[in-house]
Amino acid sequence: MTQPELTVVIPTYNRIDTLRHVIPSLLRQDLRGERYEIVIADSNSTDGTAEFLAGVAREYPRVRHLPGAYTGRAMARNAGIEAARGEVVMFTDADIIASTDLVSRHLAHHQARAGIAVVGMELQVASYAEYERLRSHPADRRPLHPASRKHLSWLYFLTGNASARKSDLDRVGRFDENFTGYGHEDLELGYRLRQAGLTIVYDPLAVDYHWHPVPYAEQKEKMKLAGRSTVRFFRKHSTLAVRARLGMTPVSLALHGVIAGRPKLLCSLERAGSAKPGLARNIVYQYHYVSGVKDALERDAP
């Protein structure tokens, strides 16, 4: 078998509904099949993922299923890095549909220059129909970064659409598997890549579509978990810049205290946030994020 130039790594657990769309999108790339492979690091899913991937692999041997008792996305991605035969490793997720030139665009950047990581444009979609609409109507897209941006900070090294050379990932120690909860294992790796001298290049034409609408209550819990991960991040990299970038500031902590001390205000914000997106919802999410920060500071103090 020809040695692939790039390996796509996907962690998954019981995401068969979206994986049935994600894998075909990665097989429809404008890059010749022998130039890349797809490794799915599966935390022993019980929803038919193994059977689905076995069927795909019979026709496309470059799709490899890597089941294991992974403790989180960091460990699963590290298993994918270890198994990767490509010089470049591209990360995405089991609920993210790729554009047809996603892989080739990532690979082209790494072939053009060394010393970089690459992040593409990840668009949030609530349904498959919305994915089809945004795919066909680029003017309707609302990306996080303007198309004019060329480089990103580590704060945006989001591994739904990111890549780096395997040698660089090995050099900085891959993902930190102590991040077993939700959030920040990718940002923390991005921080170490930047500290090692890599530039994070932004490619607004390397587009994928994140199909994972999160209900209001679930997002609040995720924000709290992310807050806990923030404290782990800060304790590993204890700088004022990290604290500021991750929202661990005296202002945010004080505002949290103001809201926590006014239960009626919090209830009002919660009701308004549940009704529709907007300022109230953003304040509620930030409140739960800082709640996670404070909880971790109090419970896990050294």
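Coordinates for the structure precede this section.
Residues numbered from 1 in each chain as written. Predicted model: local features only at pLDDT ≥ 70, side-chain atom pairs only at ≥ 80, totals over all residues. Heavy atoms only, no water.

## So, the side chain of Ser 25
And step 1. The residue Ser 25 is located in helix α1 (residues 16-27) in this model.
And step 2. The exposure class of Ser 25 is buried, given its relative accessible area of 1%.
And step 3. A distance of 2.6 Å separates a polar atom in the side chain of Ser 25 from the backbone oxygen of Val 22.
And step 4. Beyond its immediate stretch of four places on either side in the chain, Ser 25 contacts Ile 97 and Ala 98. (Helix = DSSP H or I, 4+ residues; strand = E, 2+ residues; numbered from the N terminus. Buried < 20%, exposed > 50% of the residue type's maximum accessible area, 1.4 Å probe, protein only. Polar contact = N/O pair within 3.5 Å; in protein donor to acceptor, adjacent residues only side chain to side chain. Contact = heavy atoms within 4.5 Å.)

## Some thoughts on the pairing of strand β4 (residues 88-91)
And step 1. Covered by surrounding structure in β4 are Val 88 and Met 90 together with Val 89 and Phe 91, the residues of both alternating faces.
And step 2. The pairing of strand β1 (residues 6-12) with β4 spans 4 bridges and is parallel. Residue pairing in the sheet places Val 9 in a bridge with Phe 91 of β4.
And step 3. Of the pairings in the sheet, the one linking β4 to strand β8 (residues 162-165) comprises 4 bridges and is antiparallel in character. When the sheet's bridge partners are listed, Val 89 is paired in β8 with Ala 164. (Pairing = 2+ DSSP bridges.)

## A few points about helix α3 (residues 73-83)
And step 1. A large share of α3 lies buried, amounting to 8 of its 11 residues.
And step 2. By the burial criterion, the buried members of α3 are Ala 74, Ala 76, Arg 77, Asn 78, Ala 79, Gly 80, Ile 81 and Ala 83.
And step 3. Looking at the packing, one finds that the buried side of α3 touches β1, β2 (36-42), β3 (63-67), β4, α6 (166-172) and α7 (185-195).

## Overview of the pattern of salt bridges
Note on pairing: side chains with opposite charge can pair once their charged atoms come close.
And step 1. Tallied over the entire structure, the rule returns 19 salt bridges.
And step 2. For the salt bridge of Glu 37 with Arg 85, the shortest nitrogen-to-oxygen distance reads 3.2 Å. Separated by 48 residues along the polypeptide, Glu 37 in strand β2 and Arg 85 in the loop between α3 and β4 bring together distant segments of the chain.
And step 3. With relative accessibility at 0%, the residue Glu 37 sits in the buried group. (Salt bridge = Lys/Arg side-chain N within 4 Å of Asp/Glu carboxyl O.)

## Quick look at the environment of Tyr 182
And step 1. For Tyr 182, the location among the structural elements is in the loop between α6 and α7.
And step 2. Separated by 45 residues in the primary sequence, Tyr 182 and Gly 227 place their C-alpha atoms 9.1 Å from one another.
And step 3. Leave out the neighbours within four places in its chain, and Tyr 182 touches Arg 73, Lys 222, Leu 225, Ala 226 and Ser 229.

## Describing the environment of Arg 228
And step 1. Tracing the backbone shows Arg 228 in helix α8 (residues 216-236).
And step 2. Note: C-alpha distance between Arg 228 and Tyr 289 (61 residues apart in sequence) is 8.0 Å.
And step 3. With sequence-adjacent residues up to four places away left out, Arg 228 is seen in contact with Gly 292, Val 293, Asp 295, Ala 296 and Arg 299.

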